[in-house]
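Listed below, chain by chain, are the residues.
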Amino acid sequence: MGMSLLLTAAGWQDKSLYVEKLNSMDPVLNQIGFLGIIPIVTIEDEKKSIPCARTLQENGLPIIEITFRTQAAAHVIKQIASDSSEMLIGAGTILTKEDAQTAIDAGARFIVSPGFNPKVVKYCIDKSITVLPGVFTPTEIQYAVEFGLEAIKFFPAEAGGGLKYLKAVAAPFKSLKFIPTGGIDQSTLLSYLRFSKVLACGGSWMVQPEMIRAGQFEQIAELICKAVACVKER
Ligand code: 3PG
């Protein structure tokens, strides 16, 4: 029965369903759970920042993770933050405390890393900023438990064994939520979202760098709509 029936009856805007799913005190995590997807975006040309963020927002996904893989990343975050206060902006590929600081100063409200760097995690906790370090093994997950985290990124999801491996490795950790990322696309999205320990999925399939470079915002909009429809089905 599901959540999809419940959602149809209750309406897509009923955020309380998702708050209940995570039951977090952290509004950023609740919003991530409600939206179900974190689009991971790498922008080289600052001029593409606002068109890209608006395309996401206008098509039902007011959330963006800007990767720190380009020189422009902090400026991109600043521009998007100044354009819309409704957009939930995060910074990804954060490898050092210094990058975390730069991203937060630019306006990032959550910090994502590919792996688990205790210095980055502690820095964000001390600043009361949501932090989503990447984990893959039970040992790394225990680090997250030690820091009292409620949700973590699970990376690289598909290359590392997919949903089957995630279910096995997540089994001992009752209340933790995972954000599988890496190789996920429209064809695998729903199966991940339907696993109760998945808060949301991360991915770049809707907003690939070459699409942004070519200014293909209509194509991006179509892919976002398909993904958002999938979240409504979970
Ligand atoms: C990341 O930055 O977390 C990953 O590179 C995203 O993975 P994807 O590009 O396969 O979606």
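Each remark here, short or long, concerns the structure printed above.
Every value quoted in this text rests on a predicted model; they were computed, and no experiment measured them.

About the thresholds
Residues numbered from 1 in each chain as written. Predicted model: local features only at pLDDT ≥ 70, side-chain atom pairs only at ≥ 80, totals over all residues. Helix = DSSP H or I, 4+ residues; strand = E, 2+ residues; numbered from the N terminus. Buried ≥ 20, exposed ≤ 12 C-beta atoms within 10 Å, placed from the backbone. Contact = placed C-beta atoms within 7 Å. Pairing = 2+ DSSP bridges. Near = placed C-beta within 6 Å. Nonpolar A, V, L, I, M, F, W, Y, C, P; charged D, E, K, R; others polar. Axes fitted to C-alpha atoms, helices over the stretch in contact; angles between N-to-C directions. Parallel < 35°, antiparallel > 145°, perpendicular 65-115°, else oblique. Left-handed = near helix turned anticlockwise from the far one by under 90°.

Quick look at the overall build of the chain now. In terms of helices and strands, the chain carries 12 helices and 9 strands. Referenced to the eigenvectors of the C-alpha coordinate spread, the extents of the chain come out at roughly 45 × 40 × 30 Å. In the chain, which comprises 234 residues, the share counted as buried stands at 42%. Looking at the chain alone, contacts between residues at least 24 apart form 56% of all its contacts between residues at least 6 apart.

Time to look at the sheet that holds strand S8 (residues 177-180). Within the open sheet, the 3 strands sit side by side as S6-S7-S8. Their pairing is parallel. Two strands lie at the open edges of the sheet, namely strand S6 (134-135) and S8, each paired on one side alone. Direction of pairing for S6 relative to strand S7 (residues 151-154): parallel, over a ladder of 2 bridges. Paired with Gly 134 across the strands is Lys 153, a residue of S7.

Moving on, we come to the site of the ligand. Not every one of the 13 residues close to the ligand is listed here, only the nearest: Thr 181, Gly 182, Gly 183, Gly 203 and Ser 204. Of the residues contributing to the shell around the ligand, the split by class is 4 nonpolar, 9 polar and no charged.

With that out of the way, let us pick up the packing of helix H5 (residues 73-83) against helix H6 (residues 97-106). Relative orientation and spacing of two packed helices are given, respectively, by the angle between their axes and the distance between those axes. The contact between H5 and H6 brings their axes to 8 Å, and the two run at 25°. Classed by the angle they form, the pair H5 and H6 counts as roughly parallel. Helix-helix and strand crossings are classified by hand; for H5 and H6 the assignment is right-handed. In contact with Ala 74, Ile 77 and Lys 78 of H5, H6 contributes Thr 102, Ala 103 and Ala 106.

Turning our eyes to something else, we now look at unusual backbone geometry. The peptide bond linking Phe 155 to Pro 156 adopts the cis configuration, its omega dihedral lying at -5°. One non-glycine residue, Thr 93, lies in the positive phi region at around 55°. Along the chain, Thr 93 turns up in the loop between strand S3 (88-92) and H6. Even without a glycine there, the phi angle at Ser 128 is positive, about 55°.

A word on the environment of Val 28. Mapped onto the elements, Val 28 comes out in helix H3 (residues 27-35). Judged by the 18 C-beta atoms lying within 10 Å of it, Val 28 falls in the partly exposed class. For the pair formed by Val 28 and Leu 88, sequence separation is 60 residues and the distance between their alpha carbons is 7.9 Å.

Okay, the sheet that holds S3 next. Taken in spatial order, the 6 strands line up as S5-S4-S3-S2-S1-S9 in an open sheet, and their pairing is parallel. Each having just a single partner strand, strand S5 (130-132) and strand S9 (201-203) make up the two edges of the open sheet. On average, adjacent strands in this sheet sit at an angle of 25° to one another, irrespective of strand direction. The pairing of strand S4 (residues 110-112) with S5 spans 3 bridges and is parallel. Bridge pairing in S5 places Val 112 opposite Leu 132.

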